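Geometric and topological summary
Listed here are the chains, written in short residue letters.
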Amino acid sequence: MTFAERFLERLEDMLPNLLGALIIVIAGHIVSRITLKIMGKGLNMKHVDPTIHKFLMSMVRVTITVLVAVMALSALKVPMSSIIAAIGTAGLAIGLALQDSLSNMAGGFVILFSKPFKCGDYIQVGSDEGIVDMISMLYTRLLTIDNRAVCIPNSSVAKSTVINITAEEQRRLELKFSISYSDDHNKAMSIIREVLAKDDRILHTPDEPLIAMWEHGSSAIVLLMRAWVSTPQYWAVRFDLLKKVKEAFDENGITIPFDQLEISMRQDK
């Protein structure tokens, strides 16, 4: 019997198993799509946090893929003991090769369950900051103000100090204004108070706006202003107040000094 004849005979014997494995793969693909679709709708109806939504969908997809692969190998009459041994060996090898990735996955679970931030929050992690766009199994993706994507490994995020800038509905805005020693500081403080009173975005809870003398500087008196604002309006209010206070100071003759250096020259005879 020739090699071709033996091959065809062997193929004929394996054909039912190959068809069975193929059916399992196709059925698994269909089941995966249906399961993920139903799961997605269910999570949306339950208003599950988008961060957890994406993570769970990714985990279920990987789990179904592994189960379908095991069932297909079993249909091909591969001994289950061999499959388990292969999975164990592969798992050990992958675990050793992907220690950092496994650490990132563990970091992803820590982030999801401790919830220091969620998608849409503006956070700072070390020297990086931006809006949280996605938390995947391996990394957290931030979008910076100028729309650059920054991908930070989850293990680094979990071990770092995370500042969630938009976690609360309100933020306290703090500004400092310098005026000349020759100017009336009470008048300057009254001007700042009037500017705040005209801005409807200034909040009066949990505290009323504060205006006080902060420091006797080397070349100016420094006035402090603190006021609560809505977090989404923080930057708009900050920019507007800086502009309006400067214009009000100019109209009322309040000087904003700048550092000056006096040099005296001595001529030796």
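Now for a look at the structure at hand. Residues take numbers from 1 onward in each chain, read along the sequence in its written order. The predicted origin of the model limits local features to residues at a pLDDT of at least 70 and limits the giving and counting of side-chain atom pairs to 80 or more, whereas totals for whole chains, interfaces and linings rest on all residues. To get the side-chain values, all heavy atoms of the structure are used, and hydrogens and water are removed first.

Segments assigned H or I by DSSP are reported as helices when at least four residues long, segments assigned E as strands when at least two residues long, and all are numbered from the N terminus. Working rule for helices: expected span equals 1.5 Å times residues minus one. Counted at 1.5 Å a residue, the expected span for helix H7 (residues 234-251) with its 18 residues is 26 Å, and the 26 Å between its end C-alpha atoms agrees. Throughout, exposure labels follow a simple rule: accessible area from a 1.4 Å probe, protein chains only, divided by the maximum for the residue type, with under 20% read as buried, over 50% as exposed, and the rest as partly exposed. All buried positions along H7 are accounted for by Tyr234, Val237, Leu241, Val245, Ala248 and Phe249. In a view along the axis of H7, the buried residues occupy a sector of 95 degrees, so they form one face of it. Residues of H7 that are exposed and point over 90 degrees away from its buried face: Phe239, Lys243 and Glu251. Directions are taken from the helix axis to each C-beta atom, and the arc is the one they span.

Let's shift gears to the pattern of salt bridges. Here, a salt bridge means any side-chain nitrogen of Lys or Arg that lies within 4 Å of a carboxyl oxygen of Asp or Glu. Under the defined criterion, the tally for this structure stands at eight salt bridges. A salt bridge links Glu174 to Arg226, with the nearest nitrogen and oxygen atoms 2.7 Å apart. On the criterion of sequence distance, the pair formed by Glu174 in strand S6 (residues 170-179) and Arg226 in strand S9 (residues 221-230) is long-range, its members being 52 residues apart. Among the residues examined, Glu174 registers a relative accessible area of 31% and is labelled partly exposed. For Arg226, a relative accessible area of 21% gives the class partly exposed. The salt bridge partner of Lys246 is Asp250, with a shortest N-O separation of 2.6 Å. In this pair, Lys246 and Asp250 are both assigned in helix H7, four residues apart and thus about one turn of the helix distant.

On to helix H6 (residues 185-197). In this model H6 runs 18 Å from its N-terminal to its C-terminal C-alpha over 13 residues, within 8% of the 18 Å that 1.5 Å per residue would give. All of the buried residues along H6 are Ala188, Met189, Ile191, Ile192, Val195 and Leu196. Down the axis of H6, the smallest arc covering the buried residues is 155 degrees, so these residues share one side. Residue contacts are defined here by distance: any two heavy atoms, one from each residue, within 4.5 Å place the two residues in contact. Looking at the packing, one finds that the buried side of H6 touches S6, strand S7 (202-203), strand S8 (210-216), S9 and H7. With a side-chain oxygen lying 3.0 Å from the backbone nitrogen of Asn186, the N-terminal cap of H6 falls on Asp184. Here a polar contact is recorded for every N or O atom pair within 3.5 Å, except that within protein the pair must consist of a potential hydrogen donor and a potential acceptor, and residues adjacent in sequence are included only if both atoms are side-chain atoms.

A word on the sheet that holds strand S2 (residues 128-135). Pairing within the open sheet is antiparallel, and its five strands lie in the order S4-S3-S2-S1-S5. Strands at the two margins of the open sheet, each flanked by one partner only, are strand S4 (149-153) and strand S5 (162-164). Ignoring which end each strand starts from, the neighbouring axes of this sheet average 40 degrees apart. DSSP bridges decide pairing: two strands pair if at least two such bridges lie between them. Inspection of the sheet shows strand S3 (residues 139-143) paired to S4 by five bridges, in the antiparallel sense. Paired with Leu142 across the strands is Val150, a residue of S4. Only the stretch in contact is used when fitting a helix axis, every axis being a line fitted to C-alpha atoms; angles between N-to-C directions are given from 0 to 180 degrees.

A few words on the packing of H6 against H7. Closest axis-to-axis distance for the H6/H7 pair is 10 Å, and the angle between their directions is 135 degrees. Here H6 lies oblique to H7, going by the angle between them. Classified by chirality, the crossing of H7 by H6 is right-handed. In this structure, H6 contributes Ala188, Ile191, Ile192, Val195 and Leu196 to the contact, and H7 contributes Leu241, Lys244, Val245, Ala248 and Phe249. Tallied by class, the residues present in the contact of H6 with H7 amount to nine nonpolar, no polar and one charged. Roughly parallel means an angle under 35 degrees; roughly antiparallel, over 145; roughly perpendicular, 65 to 115; everything else is oblique. A clockwise turn of the near helix away from the far one marks a right-handed crossing, whereas an anticlockwise turn of less than a right angle marks a left-handed crossing. Only Asp, Glu, Lys and Arg are considered charged in this grouping, and only Ala, Val, Leu, Ile, Met, Phe, Trp, Tyr, Cys and Pro are considered nonpolar; every other residue, Gly among them, is considered polar.

By size, the foremost hydrophobic cluster in this structure holds 24 residues, and its most contacted members are Leu173, Ile192, Met225, Leu241 and Phe249. When residues no more than four places from it in sequence are discounted, the contact partners of Leu173 are Met225, Arg226, Ala227, Val229, Tyr234, Val237, Arg238 and Leu241. In terms of nonpolar packing, the next biggest core, distinct from the first, is built from 10 residues, Phe117, Val132, Leu142 and Val157 among them. Side-chain atoms within 4.5 Å are what join buried Ala, Val, Leu, Ile, Met, Phe, Trp, Tyr and Cys residues into a set we call a nonpolar core.

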